Amino acid sequence: MSDAIDLTVMYAMHDALRRELAHLDRLTTAADHDPRQVLATTAGWTLFKKALHAHHAAEDDALWPSLRRNLAGRPKDLALLEVMEAEHAAIATVIRAIDGALTDPGADSLRLGQLADALTRGLAGHLEHEEGTVLPLVRRVLTAEQWGHFSRVQDRYIDQDAPLLLPWLLDGADEPTAKRLLARLSAPAYAACTARWIPAYADLDRWSPGTTA
């Protein structure tokens with residue numbers, strides 16, 4: 001097991017995605033509004049998709065290839081990576097279907113609720129699957145250099161929307177996790193995040209209509 005592999009960002013991302021799934025579930029099951037009209041204009045849905053894309057794209061681009069090289073000759077473990085990629089694809093399909101339902105005048109709230117439930121179950125199951133099988137494998141077979149490459153790739157994706165995604169990632173994190181996440185930032189990014197980005201995010205009621213990021 002490699003002590004050089006720090007999974008703080010990975011678990012923080014998973015926790016944040018689970019947090020947003022809970023918001024999505026509440027929004028799409030509430031009886032006092034049309035969830036199609038609300039979800040279509042919420043910053044929460046936009047941020048969720050941006051964060052999930054950053055995370056899954058980094059895994060597809062940098063984590064799975066490194067693991068695949070290190071696991072050559074181990075068909076059972078290689079099959080697990082194929083399952084991970086298939087789960088990514090299935091989740092992306094459901095998200096596209098939700099976006100389609102939000103723009104389809106013929107779609108109804110029931111259909112949206114069914115899709116949101118499929119996303120919640122699919123992504124929650126994927127995160128649990130990854131934590132239970134892939135992350136232990138990462139610690140066993142990945143080098144510190146390979147993990148560093150994955151971390152940098154994920155950081156580049158997050159940096160595309162850093163003023164929103166960094167506070168989003170920090171939202172609800174415990175103090176040790178928040179300190180470790182902030183410690184990874186450059187001095188300018190740290191200053192901007194603490195002085196401007198976090199206060200602006202705190203003022204954003206991201207799961208309310210009309211807050212599209």
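For the structure itself, consult the block above.
So, a few notes on the structure that sits alongside this text.

Conventions and cut-offs
- Residues numbered from 1 in each chain as written.
- Predicted model: local features only at pLDDT ≥ 70, side-chain atom pairs only at ≥ 80, totals over all residues.
- Heavy atoms only, no water.
- Helix = DSSP H or I, 4+ residues; strand = E, 2+ residues; numbered from the N terminus.
- Rg over C-alpha atoms; globule rule 2.2 N^0.38 Å.
- Buried < 20%, exposed > 50% of the residue type's maximum accessible area, 1.4 Å probe, protein only.
- Contact = heavy atoms within 4.5 Å.
- Areas by Shrake-Rupley, 256 points an atom, 1.4 Å probe, with all protein chains shown as cover.
- Lys, Arg positive; Asp, Glu negative; His and termini not counted.
- Charge placed at Lys NZ, Arg CZ, Asp CG, Glu CD.
- Phe/Tyr/Trp six-rings, centres within 6.5 Å; stacked < 30°, edge-to-face > 60°.
- Lys NZ or Arg CZ within 6 Å of the ring centre and 35° of its normal.
- Polar contact = N/O pair within 3.5 Å; in protein donor to acceptor, adjacent residues only side chain to side chain.
- Core = buried A, V, L, I, M, F, W, Y, C linked by side-chain atoms within 4.5 Å.
- Salt bridge = Lys/Arg side-chain N within 4 Å of Asp/Glu carboxyl O.

Below, the discussion takes up the overall build of the chain. Within the chain, the secondary structure is distributed over nine helices and zero strands. Along its sequence from the N terminus, the chain presents helices and strands in the succession α-α-α-α-α-α-α-α-α. Against the globule reference of 17 Å for 213 residues, the chain gives a C-alpha radius of gyration of 18 Å, in line with a compact fold. The C-alpha extent of the chain, read off along each of the three principal axes, is 50 × 45 × 25 Å. Looking at the 213 residues of the chain, the share that counts as buried comes to 46%. The contacts of the chain with a sequence gap of at least 6 include a subset with a gap of at least 24, amounting to 82%. For the chain, the accessible surface area stands at approximately 10400 Å², while carbon and sulfur atoms represent 55% of it. The chain carries 22 positive and 30 negative side-chain charges, and their two centres are separated by 4 Å.

Two descriptors summarise a pair of aromatic rings, namely the distance from one centre to the other and the angle between the planes of the rings. Across all of its chains, the model carries two aromatic pairs by this definition. Look at Trp147 and Phe150: their rings are 5.0 Å apart centre to centre, the planes differ by 45°, and that puts the pair in the tilted class. Here the residue Trp147 and the residue Phe150 both occupy positions in helix α6 (residues 144-159), the gap between them amounting to three residues, near one helical turn. Assigned by exposure class, Trp147 and Phe150 land together as buried. For the cation-ring pair, Arg19 lies above Trp168, with the distance from its terminal atom to the ring centre recorded as 4.9 Å.

Another point: the side chain of His126. Tracing the sequence through the fold places His126 in helix α5 (residues 109-141). Within the structure, His126 has its side chain in polar contact with the side chain of Glu87 (distance 2.5 Å). Dropping the residues within four chain positions of it, His126 is found in contact with His56, Glu59, Met84, Glu87, His88 and Ile91.

With 67 residues, the main nonpolar core has Trp45, Leu67 and Leu119 as its most contacted residues. The element best represented in this core is helix α3 (residues 43-70), accounting for twelve residues. Excluding residues that lie within four positions of it along the chain, Trp45 makes contacts with Leu24, Leu39, Ile95, Ile98, Asp99, Leu102, Leu119 and Trp207.

Moving on, we get to the pattern of salt bridges. Counted according to the given criterion, the structure contains 13 salt bridges. One salt bridge in this structure joins Arg184 and Asp155, with 3.1 Å as the shortest N-O distance. One end of the pair, Arg184, is in the loop between α8 (175-183) and α9 (187-202); the other, Asp155, is in helix α6, and 29 residues separate them in sequence. On the basis of relative accessible area, Asp155 is assigned to the partly exposed category, the value being 22%. One salt bridge in this structure joins Asp171 and Arg206, with 3.4 Å as the shortest N-O distance. Of the two residues, Asp171 sits in the loop between α7 (162-170) and α8 while Arg206 sits in the segment after α9, which places them 35 residues apart along the sequence. Of the residues examined, Arg206 reaches a relative accessible area of 9% and is grouped as buried. By sharing partners, the salt bridges in this structure join Arg19, Glu20, Asp171 and Arg206 into a single network.

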